[in-house]
Amino acid sequence: MMGQVMDAFSMGLVLMGLVFFAAGSIGMLRFPDVYTRLHALTKADNLGLGLVVAGVALQAGSLSLVFKLILIWGLVLAAGAAGCHLVAQRARRRESRRL
């Protein structure tokens, strides 16, 4: 019985993560400018990945696998922030050239 509850909770976290991934992707396609697109994509995808990692971590067989998942999530957070910063910086430079 407890295993089924844990499986259902894990599945719910993964599904919520996928919903956030979809929302970020839709936001990237629908928002009008670079900055709002970056915001929608990075925030929603980071939260979505966090929920997916939490759901998968509940099903992990060992503590070392949980630490690896958390490490991967942290590296993706850092890479996403760095990439977002670079894209926003490039967009700002392009706008300042037009003025």
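Since the model is a prediction, treat every value here as computed from it, not as a measurement.

1. A look at the overall build of the chain
- Regarding its fold elements, the chain presents three helices and zero strands.
- Listed by position from the N terminus, the elements making up the chain come as α-α-α.
- The globule rule puts the C-alpha radius of gyration for 99 residues at 13 Å, and the 17 Å found for the chain is more than 25% above it.
- Judged by the C-alpha coordinates and their principal axes, the chain covers about 65 × 25 × 10 Å.
- Of all 99 residues assigned to the chain, the portion counted as buried reaches 23%.
- For the chain, restricting intrachain contacts to residue pairs at least 6 apart in sequence, the fraction spanning at least 24 positions comes to 69%.
- For the chain, the accessible area works out to roughly 7,100 Å², and carbon and sulfur atoms hold 72% of it.
- The chain carries 10 positive and 4 negative side-chain charges, and their two centres are separated by 13 Å.

2. A closer look at a nonpolar patch on the surface
- Taken together, the side chains of Met 1, Met 2 and Val 5 present a nonpolar region at the surface, about 400 Å² in accessible area.
- Mapped onto the elements of the fold, Met 2 is located in helix α1 (residues 2-30).

3. Some details on α1
- Between its first and last C-alpha, α1 extends 42 Å over 29 residues, near the 42 Å set by a 1.5 Å rise per residue.
- Elements that come into contact with the buried residues of α1 comprise α2 (34-59).

4. Some thoughts on a positive patch on the surface
- On the surface, Arg 90, Arg 92, Arg 93, Arg 94 and Arg 97 cluster together into a patch of positive charge.
- For Arg 94, a relative accessible area of 47% corresponds to the partly exposed category.

The rules we used
Residues numbered from 1 in each chain as written. Predicted model: local features only at pLDDT ≥ 70, side-chain atom pairs only at ≥ 80, totals over all residues. Heavy atoms only, no water. Helix = DSSP H or I, 4+ residues; strand = E, 2+ residues; numbered from the N terminus. Rg over C-alpha atoms; globule rule 2.2 N^0.38 Å. Buried < 20%, exposed > 50% of the residue type's maximum accessible area, 1.4 Å probe, protein only. Contact = heavy atoms within 4.5 Å. Areas by Shrake-Rupley, 256 points an atom, 1.4 Å probe, with all protein chains shown as cover. Lys, Arg positive; Asp, Glu negative; His and termini not counted. Charge placed at Lys NZ, Arg CZ, Asp CG, Glu CD. Patch = residues over 30% accessible without salt bridge, like charges linked within 9 Å, V, L, I, M, F, W, Y side chains within 5 Å. Salt bridge = Lys/Arg side-chain N within 4 Å of Asp/Glu carboxyl O. Expected span 1.5 Å × (residues − 1).

By themselves, these figures tell us nothing about what the structure is for.
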